[in-house]
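# Results of the structural survey
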Amino acid sequence: MAAPVDLELKKAFTELQAKVMDTQQKVKLADLQIEQLTKTKKHAHLTDTEVMMLVDETPHVRGRGRMFILQPKGVIHNQLLEKQRIAEEKIKELEQKKSYLERSVKEAEDNIREMLMARRAQ
């Protein structure tokens, strides 16, 4: 009877261990995405600051692929603000996902500990 319990425990332990590893990888990916979005947001903010310091009569162009488009200062300002807003929303979503994944890892680790304690008690 001890052998089936050990096999069952071993199977559950390997499944939980795989889940922990997978979740940790997802947390690292979310961290990298948050870092990239933070850089994008900061770049848009700095660009917007520089654009707003320019005189209205200065020609303002925006790069699109291999061409440049002449646009009014207000349009460029609105596009940069929108870019910052979108980056901020994505950062919030990723932080929520990250906290969920971290809770999931903690629960999986707790389950592993409980199984080991149950095995020791037997």
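Residues numbered from 1 in each chain as written. Predicted model: local features only at pLDDT ≥ 70, side-chain atom pairs only at ≥ 80, totals over all residues. Heavy atoms only, no water.

## Quick look at the overall build of the chain
A count of helices and strands for the chain gives two helices and two strands. From first element to last, N terminus to C terminus, the chain shows the α and β order α-β-β-α. Computed over its C-alpha atoms, the radius of gyration of the chain comes to 25 Å, more than 25% above the 14 Å expected for a compact globule of 122 residues. For the C-alpha atoms alone, the extent of the chain along its principal axes is close to 85 × 25 × 15 Å. Counting only residues that meet the buried cut, the chain has 22% of its 122 residues in that class. (Helix = DSSP H or I, 4+ residues; strand = E, 2+ residues; numbered from the N terminus. Rg over C-alpha atoms; globule rule 2.2 N^0.38 Å. Buried < 20%, exposed > 50% of the residue type's maximum accessible area, 1.4 Å probe, protein only.)

## Some thoughts on the pattern of salt bridges
What the rule picks out here adds up to eight salt bridges. Here Lys26 and Asp22 are joined by a salt bridge, their closest N and O atoms 3.5 Å apart. Of this pair, Lys26 and Asp22 are both found in helix α1 (residues 2-53), four residues apart, which corresponds to roughly one turn of the helix. Given a relative accessible area of 35%, Asp22 falls into the partly exposed group. Taking the shortest distance from any N to any O, the salt bridge between Lys73 and Asp56 comes out at 3.3 Å. Of the two residues, Lys73 is situated in helix α2 (residues 73-121) and Asp56 in the loop between α1 and β1 (61-64); the sequence distance between them amounts to 17 residues. (Salt bridge = Lys/Arg side-chain N within 4 Å of Asp/Glu carboxyl O.)

## Let's talk about the side chain of His60
Topologically, His60 is positioned in the loop between α1 and β1. The class for His60 is buried, based on a relative accessible area of 6%. Among the polar contacts listed, one links the side chain of His60 to the backbone oxygen of Thr58, at a separation of 2.7 Å. In contact with His60, not counting residues within four places along its chain, are Val51, Leu54, Val55, Ile69, Leu70, Gln71, Lys73 and Ile76. (Polar contact = N/O pair within 3.5 Å; in protein donor to acceptor, adjacent residues only side chain to side chain. Contact = heavy atoms within 4.5 Å.)

## Structural notes on the pairing of strand β2 (residues 67-70)
Two strands pair when backbone bridges link them, and β1 and β2 are joined in this way by four bridges, in the antiparallel orientation. Looking across to β2, one finds that Gly63 is bridged to Phe68. Two successive antiparallel strands, β1 and β2, enclose a turn made up of two residues, where Gly65 displays a positive phi of approximately 65°. (Pairing = 2+ DSSP bridges.)

## With respect to the nonpolar core
Listed in full, the seven residues of the largest apolar core are Leu9, Leu16, Val20, Val105, Ala108, Ile112 and Met115. Counting only elements with at least two residues in this core, the list comes to α1 and α2. Among the elements that take part in this core, α2 stands out by supplying four residues, more than any other. Excluding its chain neighbours within four sequence positions, the residues that come into contact with Leu16 are Ala108, Asn111, Ile112 and Met115. (Core = buried A, V, L, I, M, F, W, Y, C linked by side-chain atoms within 4.5 Å.)

## Concerning the confidence of the model for the chain
Per-residue pLDDT for the chain averages 88, and the proportion of residues at 70 or more is 96%. Element-level mean pLDDT values for the chain span from 86 in β1 up to 91 in β2. (pLDDT = per-residue confidence, 0-100.)

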